[in-house]
Amino acid sequence: MSQNYGIPSIGQVGVGPSAGNFTASSTGVADAGKGVELGVDGLIDSSMLPQSLTAKYRSAVGQNIASGGNAFVQYDTDITTGSHVTKNAGNDTFTINEDGLYIITGVIYSVSPVGGVGSGSFVEYRIVINGAAEYAHAEAVDVVGGNTGDSHGKSLAMVQTLSAGDTIQFLFAHNNTDGDSRSLATDDRRNKITITKIGV
């Protein structure tokens, strides 16, 4: 399943969240001094939230996305599940079952093919709520060619009040100037998400 959100221009890099939300990246601490810390895997450390409900999922599919394309990340492996969220049959959409305040965190990690030409690339990551991108991050990446390829990842986090029936998706998009595709990594520590209810 894919949807054409487009690749942002340089002037759009680092598009922020909607009002009332805040984000955290791989630095491990949320901006604006909010104090949301991420664990060593780039995801929220739910042990800091003893009253929370946490569901965690991992992608082991190895999706391949053509240059200029995009796709919703498929999280086919359940690590922990909870009554507050349900995953669809395609593994790419999560439906909220309980109203409340949520922390959504994710790591999206992609690799270029071994033997690629080597060039520049834009990569884009989005947290999509009810079909709209509530958080987006894009940046230029130097692509290494030859026998090594390259890898690039980003941790994303946001806090938002959600209602039963709301949907969550993670979108990955890229555009390589040499036309090479990128694949989503499948190892155990990459391409995971958590959806944690922390309050009513």
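The rules behind these values
Residues numbered from 1 in each chain as written. Predicted model: local features only at pLDDT ≥ 70, side-chain atom pairs only at ≥ 80, totals over all residues. Heavy atoms only, no water. Salt bridge = Lys/Arg side-chain N within 4 Å of Asp/Glu carboxyl O. Buried < 20%, exposed > 50% of the residue type's maximum accessible area, 1.4 Å probe, protein only. pLDDT = per-residue confidence, 0-100. Helix = DSSP H or I, 4+ residues; strand = E, 2+ residues; numbered from the N terminus. Contact = heavy atoms within 4.5 Å. Phe/Tyr/Trp six-rings, centres within 6.5 Å; stacked < 30°, edge-to-face > 60°.

A.B. asks: Please provide a residue-by-residue account of the pattern of salt bridges, values included.
C.D. replies: Overall, the coordinates contain four salt bridges when judged by the stated rule. A salt bridge links E124 to R126; the nearest nitrogen and oxygen atoms lie 2.1 Å apart. Given the relative accessible area of 2%, E124 is considered buried.

A.B. asks: Please set out the confidence of the model for the chain residue by residue, giving values where relevant.
C.D. replies: The predicted model of the chain has a mean per-residue pLDDT of 73, with 65% of residues at 70 or higher. Mean pLDDT per element in the chain: strand β1 (residues 23-24) is the minimum at 34, and strand β7 (residues 94-96) is the maximum at 97. With pLDDT under 50 throughout, residues 1-38 is counted as low confidence; its partners more than four residues away or in other chains account for 84 contacts.

A.B. asks: Before we move on, can you summarise the packing of aromatic side chains with the specific residues and values?
C.D. replies: As enumerated under the stated definition, the model contains four aromatic pairs in all. Pairing Y75 with F170 gives two aromatic rings, centres 6.1 Å apart and planes at 75 degrees, and the pair type is edge-to-face. Residue Y75 is located in the loop between β4 (70-72) and β5 (77-80), and its partner F170 is located in strand β12 (residues 167-176); the two are separated by 95 residues in the primary sequence. For the residue pair Y75 and F170, the accessibility class agrees, reading buried in each case. Measuring from ring centre to ring centre gives 5.7 Å for Y125 and F172, while their planes differ by 50 degrees; the resulting arrangement is tilted. With Y125 in strand β9 (residues 120-129) and F172 in strand β12, this pair connects stretches of sequence that are 47 residues apart. Taking relative accessible area as the criterion, Y125 reaches 0% and is therefore assigned buried. Judged by relative accessible area, F172 falls into the buried class, the value being 0%. Within the aromatic cluster, the residues linked to one another by ring pairs are Y57, Y75, F94 and F170.

A.B. asks: Hey, could you go over unusual backbone geometry for me, with residue numbers and the actual values?
C.D. replies: The backbone of N91 sits at a positive phi, close to 65 degrees, despite the residue not being glycine. With respect to the helices, strands and loops of the structure, N91 is situated in the loop between β6 (85-87) and β7. In the Ramachandran plot, N130 falls in the positive-phi region, its phi being about 50 degrees despite a non-glycine side chain. Examined against the element boundaries, N130 turns out to sit in the loop between β9 and β10 (132-142).

A.B. asks: I'd like to hear about the environment of T80, residue by residue, with values.
C.D. replies: Residue position: T80 is located in strand β5. The spatial distance from the C-alpha of T80 to the C-alpha of A55 is 5.1 Å, given a sequence separation of 25 residues. Not counting chain neighbours up to four residues away, the residues in contact with T80 comprise T54, A55, K56 and Y57.

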